[in-house]
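# Fold and geometry: a report
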Amino acid sequence: MTFRSDEIQMKRYQSGDEAAIQLPVSYDDWRERAKQILAAGPFGYVHGAAGAGDTKRSNVDAFQKYRIRPRVCCDISKCDISIQLFGQKQPVPFLLAPIGVNTILHSEGEVGPAKAAAKLGVPYILSNVSSIPLEKIAETMGEHTRWFQLYPPKNRELTKSFLSRAEQAGFSAIVVTVDSTLLGWRETDLSNAFLPFLTGQGMGNYFTDPVFCSQLKQPPHENIKEAVKLALDEGNNTCFTWKELDFIRQQTKLPLLIKGITHPDDAVMALEHGVDGLIVSNHGGRQLDGAVATLDVLPSICEAVNGKVPVLMDSGIRRGADILKAIALGASAVLIGRPYAYALAVAGQSGVEEVIQHLIAETELQLAISGRHAIHEVDSSLIIKVQ
Ligand SMILES: Cc1cc2nc3c(=O)[nH]c(=O)nc-3n(C[C@H](O)[C@H](O)[C@H](O)COP(=O)(O)O)c2cc1C
Ligand SMILES: O=C(O)C(=O)c1ccccc1
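Owing to the predicted nature of the structure, the values given are computational and were not obtained by experimental measurement.

### Description of the overall build of the chain
Within the chain one finds 15 helices and 12 strands. In terms of overall dimensions, the chain has a C-alpha envelope of 70 × 50 × 40 Å along the principal axes. Here the chain holds 387 residues, and the buried ones make up 49% of them. Here the analysis covers contacts within the chain between residues at least 6 apart in sequence; of these, 73% occur between residues at least 24 apart.

### Details of the UniProt feature "binding site: glyoxylate" (unreviewed entry) in the chain
UniProt tags Tyr45, Tyr151, Arg186, His283 and Arg286 as "binding site: glyoxylate" (unreviewed entry). Counting through the fold element by element, Arg186 comes out in the loop between β7 (174-177) and α8 (187-192). Beyond its immediate sequence surroundings of up to four residues, Arg186 is in contact with Gly48, Ala50 and Arg286.

### A few points about the pairing of strand β11 (residues 333-336)
Side-chain alternation along β11 places Ala333 and Leu335 on one buried face and Val334 and Ile336 on a second face that is also buried. In terms of strand pairing, strand β4 (residues 94-96) meets β11 through 3 bridges, oriented parallel. Bridge pairing links Leu96 to Ile336 in β11.

### Thoughts on the site of ligand 2
Every residue close to ligand 2 is listed here: Gly100, Val129, Ser180, Leu183, Gly235, His283 and Arg286. Looking at the shell around ligand 2 residue by residue, the classes come out as 2 nonpolar, 4 polar and 1 charged.

### Topic: the site of ligand 1
With respect to spatial proximity, 24 residues lie near ligand 1, and among them Ala97, Gly100, Ser127, Gly284 and Gly337 are the closest. Counting only elements with at least two residues in the shell around ligand 1, the list comes to α3 (40-47) and α15 (338-369).

### Topic: the packing of helix α12 (residues 264-272) against helix α13 (residues 294-305)
Running from N to C, α12 and α13 point in directions that differ by 35°, and their axes come no closer than 8 Å. Where α12 crosses over α13, the two elements pack in a sense that is right-handed. Here Pro264, Ala267, Val268 and Leu271 of α12 lie close against α13, whose contacting residues are Ser300, Ile301, Glu303, Ala304 and Val305. Of the residues in the contact of α12 with α13, the class split is 7 nonpolar, 1 polar and 1 charged.

### Observations concerning the nonpolar core
Nonpolar side chains in soluble globular proteins generally cluster together in the buried interior. Leu278 and Ile301 are the most contacted members of the largest nonpolar core, which has 111 residues in total. Per-element tally for this core: the top contributor is α15, with 17 residues. Discounting residues that sit within four places of it in the chain, Leu278 has contacts with Leu257, Ile258, Ile261, Ala267, Ala270, Ile301, Val305, Val309, Val311 and Leu312.

### Let's talk about the environment of Ile336
Within the fold, Ile336 resides in strand β11. Along the chain, Ile336 and Arg318 lie 18 residues apart, while their C-alpha atoms are 7.5 Å from each other. Once residues lying within four places of it in the same chain are set aside, the contact partners of Ile336 are Phe94, Leu96, Ala97, Ile317 and Leu359.

### Section: the packing of helix α7 (residues 156-168) against helix α11 (residues 242-251)
The N-to-C vectors of α7 and α11 enclose an angle of 40°; their axes lie 10 Å apart at closest approach. In terms of orientation, α7 lies oblique with respect to α11. Handedness of the crossing formed by α7 with α11: right-handed. Touching Arg156, Thr159, Lys160 and Leu163 of α7 are Phe247, Ile248 and Gln251, all from α11. When its residues are assigned to classes, the contact of α7 with α11 shows 3 nonpolar, 2 polar and 2 charged.

### What to know about unusual backbone geometry
Unusually for a residue other than glycine, Phe86 sits at a positive phi of about 50°. Along the chain, Phe86 falls in the loop between β2 (83-85) and β3 (88-90). By the C-beta count within 10 Å, which is 17 here, Phe86 ends up partly exposed. Here the phi dihedral of Asn306 falls at roughly 50°; this positive angle occurs in a residue that is not glycine. By the element assignment, Asn306 lies in the loop between α13 and β10 (311-313).

Definitions and limits used
Residues numbered from 1 in each chain as written. Chains lettered and ligands numbered in written order. Predicted model: local features only at pLDDT ≥ 70, side-chain atom pairs only at ≥ 80, totals over all residues. Helix = DSSP H or I, 4+ residues; strand = E, 2+ residues; numbered from the N terminus. Buried ≥ 20, exposed ≤ 12 C-beta atoms within 10 Å, placed from the backbone. Contact = placed C-beta atoms within 7 Å. UniProt positions renumbered as here; feature names shortened; annotations may be inferred. Pairing = 2+ DSSP bridges. Near = placed C-beta within 6 Å. Nonpolar A, V, L, I, M, F, W, Y, C, P; charged D, E, K, R; others polar. Axes fitted to C-alpha atoms, helices over the stretch in contact; angles between N-to-C directions. Left-handed = near helix turned anticlockwise from the far one by under 90°. Core = buried A, V, L, I, M, F, W, Y, C linked by C-beta atoms within 7 Å. Parallel < 35°, antiparallel > 145°, perpendicular 65-115°, else oblique.

Take a look at the structure:
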């Protein structure tokens, strides 16, 4: 048996009475367990969305418009969920999305997901606003694939510094997030008066940066207020345009991805400005409420990109069927967001490992039971639109 899912399923089935005290299985159960453990502020920060939450809801609902149509009597004794990305084989068709300020969820901070990802062969995208500095995360991951996500600061010297630190620390791609030059209208966080950055959390990369620190009158920890003000000001980069992306492009030879694309014309612009990959994302509905669901725009973006670079997607991926539907609609891979954030809150690294293993198992089973041997065989013939 070559199925990873077999071992993962059997571990649970054979656990007998222990099952009741085990970690959750379904996304809803992870979220509920996280809700019990976390204070209202941190839970709301993960769970919350922009405005009325319409986009967050549509992201998930969009997957219901498609159904998988299996083929039968295919020999599925071997099932391969690996993919190729930037010339490298990755064992699974998903990555861990950049999620900032992880110490509000668990004392391990980003070390938890980084180690879980490394152990199970999943690429990890470290957030620019991580609680723990990128060099420390790199140390815990050895040779394992990690990418660095950048919220492009206003200051070009700071941009250069973040990029060169990431390169030196062995991050092998840069993800520039372009949908968050301003923080969205987040009603849950406003009600809870919860913005972790104000107390200096999520500043791991800023507070250790020589360029950033050189602009302060005092070291960050001696005057948190001054440091936070500068970091937030750098992040509110409302002047960001394609010209700034060109600048970033010139600073690094690493593969450059742009995250936050939902319009095919922007996809074409991004290609013209030299990106090596796109991430179709609306930030999990946390930025522009009422924005289109990512699955709804994925086909038009893939059409515009026409296979020139990989198109990744996120926002609403909760389980194996979602992963296959996104790939059937043209995604090269997907990013997992909230599911691993809740798991981190519940059980640190081992929680994230559990969620990753469940996603591996479910994706593999779904692929096999739909009559396909390998991810590269998945195309639009796997699904039909039912709504
Ligand atoms: C708590 C939280 C923090 C996030 N922080 C970042 C971040 O630092 N950088 C970034 O590009 N995206 C960030 N995102 C967005 C995710 O990368 C991803 O796009 C989103 O979670 C996908 O939606 P989903 O989790 O509903 O599937 C964050 C999302 C959440 C839930
Ligand atoms: O919380 C987020 O979604 C996030 O990534 C973020 C952090 C700082 C500014 C804007 C967005």
